[in-house]
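A closer look at the structure
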Amino acid sequence: FPLTLADGERLVLSSDGFYNAFSDEDLQALLNHTPVPLGDSSAQAWCQKAQELGSVDDATVIVLEITSVRSVIYKGLWPLAWLSIMVLALLSWVLL
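Overview of the structure. (Residues numbered from 1 in each chain as written. Predicted model: local features only at pLDDT ≥ 70, side-chain atom pairs only at ≥ 80, totals over all residues. Heavy atoms only, no water.)

Quick look at the nonpolar core now. Formed by F18, A21, F22, L27, L30, L38, W46, C47, A50, A59, V61 and V63, the largest nonpolar core amounts to 12 residues. Elements that contribute at least two residues to this core include exactly α2 (24-32), α3 (42-52) and β2 (61-65). The element best represented in this core is α3, accounting for 3 residues. Sequence-distant contacts of V61, defined by excluding residues within four places in its chain, comprise V12, L13, S14, F18, A43, W46 and C47. (Core = buried A, V, L, I, M, F, W, Y, C linked by side-chain atoms within 4.5 Å. Buried < 20%, exposed > 50% of the residue type's maximum accessible area, 1.4 Å probe, protein only. Helix = DSSP H or I, 4+ residues; strand = E, 2+ residues; numbered from the N terminus. Contact = heavy atoms within 4.5 Å.)

The next thing to look at is the environment of L13. Structurally, L13 is set in strand β1 (residues 10-14). Along the primary structure L13 and I62 are separated by 49 residues, whereas in three dimensions their C-alpha atoms are 5.1 Å apart. Those residues in contact with L13, other than ones at most four positions away along the chain, are T60, V61 and I62.

A grouping of L13, I62, L83, V87, L88 and L91 is seen on the molecular surface, where their side chains present a nonpolar patch of about 450 Å² in accessible area. Per-element accounting of the nonpolar patch gives the leading share, 4 residues, to helix α5 (residues 78-95). Residue classification places L88 among the partly exposed residues on the basis of a relative accessible area of 33%. (Patch = residues over 30% accessible without salt bridge, like charges linked within 9 Å, V, L, I, M, F, W, Y side chains within 5 Å. Areas by Shrake-Rupley, 256 points an atom, 1.4 Å probe, with all protein chains shown as cover. Salt bridge = Lys/Arg side-chain N within 4 Å of Asp/Glu carboxyl O.)

What follows is about α3. Of all the residues in α3, the buried ones are S42, W46, C47 and A50. Within α3, the buried residues cover an arc of 140° as seen down the axis, which keeps them to one side. Those residues of α3 that are exposed and angled more than 90 degrees off the buried face are Q44 and E52. G54 lies just past α3 and shows a positive phi near 95°. (Arc of directions from axis to C-beta.)

For any two aromatic rings, the description comes down to two numbers: the centre-to-centre distance and the angle of the planes. For the structure shown, the criterion picks out 2 aromatic pairs. Ring geometry for F18 and F22: centres 4.9 Å apart, planes at 50°, overall tilted. With respect to class, F18 is no different from F22; both count as buried. Ring geometry for F18 against W46: centres 6.3 Å apart, planes inclined by 15°, an arrangement best described as stacked. Of this pair, F18 sits in helix α1 (residues 16-19) while W46 sits in helix α3; the two residues are 28 residues apart in sequence, bridging distant segments of the chain. Look at F18 and you get buried, because its relative accessible area is 1%. Through a chain of ring-to-ring contacts, the aromatic side chains of F18, F22 and W46 assemble into a single cluster. (Phe/Tyr/Trp six-rings, centres within 6.5 Å; stacked < 30°, edge-to-face > 60°.)

In structure tokens:
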């Protein structure tokens, strides 16, 4: 189904090993304390946090952040944006 996100909103896709490591309050705090825009290692830091909290399963997370094209170009992040799009396209192809 279609999903519309506004500039600055995030979509988090995660495994149960990641999700079950956090209470709702812990997960909200993690989202609130992650810098905007996301850093290069934000997802990795989130998975490490899940392991620290005692995740008993593999912790996997994909974080998508909607950013305007102007801010991506302005911040010099266009190579990262291009790479992210290519990875997502590859994942969607592999998973289908």
